[in-house]
Amino acid sequence: MTIAISSLTKRFDQTAVLRGIDLTINDGELVALLGPSGSGKTTLLKIIAGLDWPDAGGLVVNGQDWLPLPAQKRRIGFVFQHYALFPHMTVRDNIAFGLTVRPKSERPSKTAIAAKVDDLLGLLQIPHLADRFPAQLSGGQRQRVALGRALAIEPAVLLLDEPFGALDAAIRRDLRAWLREVHQATGSTTLFVTHDQEEAFELADRVVVMGEGRIEQIGSADQIHDHPASPFVARFMGAVVELPVTLRAGRAEAAGLDARMLERRAMADGPAQLFLRPDAIALDADPASPWILSHKASNGAMIRATLRRADGTEVPVDLLRHSAPDLSLGTAYRLRPLTGAVFPLDGVAQNDAPRPLPILKEKRQ
Ligand SMILES: Nc1ncnc2c1ncn2[C@@H]1O[C@H](COP(=O)(O)OP(=O)(O)O)[C@@H](O)[C@H]1O
Ligand SMILES: [Mg+2]
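As the structure is a prediction and not an experimental result, all values here were calculated from the model.

What is the right way to look at the sheet that holds strand β1 (residues 3-12) in this model?
Strand pairs in the sheet, formed through backbone hydrogen bonds, run parallel or antiparallel to each other. Spatial ordering of the open sheet is given by β2-β1-β4-β5, a layout of 4 strands whose pairing is antiparallel. Two strands in the sheet have a free side with no partner beyond their single neighbour: β2 (15-25) and β5 (64-65). Lying on the sheet, helix α1 (residues 41-49) is in contact with β1, β2 and β4 (56-61); it crosses β1 at an angle near 120°.

Written out as structure tokens, the structure reads:
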């Protein structure tokens with residue numbers, strides 16, 4: 001099923017919650033929708049499911065206009081963060097539910113339903129839980145059952161709204177790998193919502209970053225990390241270091257900054273803002289640099305170094321402890337970013353729509 005979403009807008013009272021969403025999800029694709037709380041992710045999912053309606057825009061699935069279709073006609077599988085399984089029903093009956101409530105003419109036979117549930121129990125790796133009740137399951141097991149219930153109806157589209165949000169980090173990691181396998185086996189067109197970037201990047205080939213009702217960027221993990229399309233995405237991806245720089249021939253310049261490893265940007269010379277992630281900065285001793293190592297702390301694996309300038313500005317830098325140079329407090333170091341993004345100052349101030357900056361062609365460097 002190909003889902004084509006075009007110019008979708010939605011307001012609640014005075015608040016614009018979706019501000020023109022354009023997104024196509026290809027047949028069989030697993031797309032992650034990543035964004036902070038309140039960015040409109042759940043609202044978009046509800047509109048696709050037929051649980052809410054947009055003010056304007058289109059939703060076309062495999063060439064069919066879905067907006068006039070009621071939820072029951074859309075064949076959607078939906079899993080929420082807190083998915084209420086029926087407490088008085090066994091796992092088997094919970095998974096079978098969507099099939100048993102079908103009108104008689106469309107309902108599979110009892111044996112067909114039992115066979116389907118057995119298949120799903122196997123796929124979900126929970127055959128041993130078939131006769132338990134939800135209260136006898138762990139959180140992770142419950143979410144597997146919830147997914148089984150969503151998959152039983154052979155949904156045209158599978159919508160997962162932070163399905164692992166309430167679970168421990170280790171269990172989430174297991175479930176992620178498992179969900180990828182389930183997706184490969186079923187091939188359902190899937191939209192997975194999360195506010196956790198690690199989860200989004202590990203699960204999906206294509207990640208859609210949302211902020212305040214807009215799509216800020218669509219891309220792979222590497223593209224979004226290395227070429228954030230806006231200050232919003234840069235900050236959301238952890239670029240908490242923001243330094244004023246001067247751009248000359250596409251290259252960022254500032255005292256104590258060695259930006260040679262960054263790609264040149266096709267931008268006019270002048271003031272700009274450089275966004276860096278603490279884990280993508282190397283340090284080189286340089287007595288001429290204004291950045292002085294003022295603090296360092298180790299968690300065993302990583303060293304967090306704090307560089308401080310005379311005006312009080314601080315830059316955090318995270319280094320792998322075993323490959324970090326011997327850093328000494330009070331010494332001056334030059335910042336050598338490994339990746340980073342530059343944006344014009346006006347764009348940073350307004351934090352408005354994404355403005356990707358083209359990379360200069362080789363011949364112009
Ligand atoms: N039924 C509603 N009535 C009014 N405001 C709503 C309603 N549902 C969501 N909102 C608002 O819309 C915005 C986006 O919400 P939501 O889609 O749930 O975001 P997300 O899932 O990304 O956290 C939030 O500011 C939220 O308060
Ligand atoms: Mg939500």
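From this point, things continue past the structure.
I'm lost on the environment of Glu29 in this one. Help?
In this fold, Glu29 is placed in the loop between β2 and β3 (30-34). Glu29 gets classed as buried once you look at its relative accessible area, which sits at 13%. Along the primary structure Glu29 and Thr2 are separated by 27 residues, whereas in three dimensions their C-alpha atoms are 8.8 Å apart. Apart from residues no more than four positions distant in its own chain, Glu29 is found in contact with Thr24, His183, Ser188, Thr189, Thr190 and Arg206. A distance of 2.9 Å separates a polar atom in the side chain of Glu29 from the backbone nitrogen of Asn26.

Looking at this model, I keep getting lost on the environment of Asp196. Mind explaining?
Assignment of secondary structure puts Asp196 in the loop between β8 (189-194) and α6 (197-203). Sequence spacing of Asp196 and Thr24 is 172 residues, and the spatial spacing of their C-alpha atoms is 22 Å. Here Asp196 is in contact with Leu34, Arg172 and Arg176, once residues within four sequence places are set aside.

It is not clear to me how the domain arrangement of the chain should be interpreted in this structure. Could you clarify?
Many authors give the size of an interface as the accessible area that is lost as the parts come together. Domain annotation for the chain reports domain 1 (3-223) and domain 2 (238-364). Distance from the C-alpha centre of domain 1 to the C-alpha centre of domain 2: 39 Å.

So what exactly am I meant to see when it comes to helix α4 (residues 139-152) here?
Each α-helix winds once per 3.6 residues, and so residues spaced three or four apart point in a common direction. Helix length check: α4 (14 residues) gives 20 Å between terminal C-alpha atoms against 20 Å at 1.5 Å per residue, within 8%. With 11 of its 14 residues buried, α4 lies for the most part within the structure. All buried positions along α4 are accounted for by Gly140, Gln143, Arg144, Val145, Ala146, Leu147, Gly148, Arg149, Ala150, Leu151 and Ala152. Two residues or fewer after α4 comes Glu154, characterised by a positive phi angle close to 50°.

Honestly, the pattern of salt bridges in this entry has me stumped. Any pointers?
Pairing between side chains of opposite charge can happen when their charged atoms approach one another. As enumerated under the stated definition, the model contains 22 salt bridges in all. The shortest N-O distance in the salt bridge between Arg92 and Asp118 comes to 3.2 Å. Of the two residues, Arg92 sits in helix α2 (residues 91-100) while Asp118 sits in helix α3 (residues 110-123), which places them 26 residues apart along the sequence. For Asp118, a relative accessible area of 42% translates into the label partly exposed. Here Arg176 and Glu202 are joined by a salt bridge, their closest N and O atoms 3.1 Å apart. One end of the pair, Arg176, is in helix α5 (residues 169-186); the other, Glu202, is in helix α6, with 26 residues separating them in the sequence. Residue Arg176 is classed as buried on the basis of its relative accessible area, which comes to 4%. The exposure class of Glu202 is partly exposed, given its relative accessible area of 40%. Through salt bridges that share partners, Arg172, Arg173, Arg176, Asp196, Glu198, Glu199 and Glu202 make up one connected network.

Parameters at a glance
- Residues numbered from 1 in each chain as written.
- Chains lettered and ligands numbered in written order.
- Predicted model: local features only at pLDDT ≥ 70, side-chain atom pairs only at ≥ 80, totals over all residues.
- Heavy atoms only, no water.
- Pairing = 2+ DSSP bridges.
- Helix = DSSP H or I, 4+ residues; strand = E, 2+ residues; numbered from the N terminus.
- Contact = heavy atoms within 4.5 Å.
- Axes fitted to C-alpha atoms, helices over the stretch in contact; angles between N-to-C directions.
- Buried < 20%, exposed > 50% of the residue type's maximum accessible area, 1.4 Å probe, protein only.
- Polar contact = N/O pair within 3.5 Å; in protein donor to acceptor, adjacent residues only side chain to side chain.
- Domains from an automatic or database assignment.
- Expected span 1.5 Å × (residues − 1).
- Salt bridge = Lys/Arg side-chain N within 4 Å of Asp/Glu carboxyl O.

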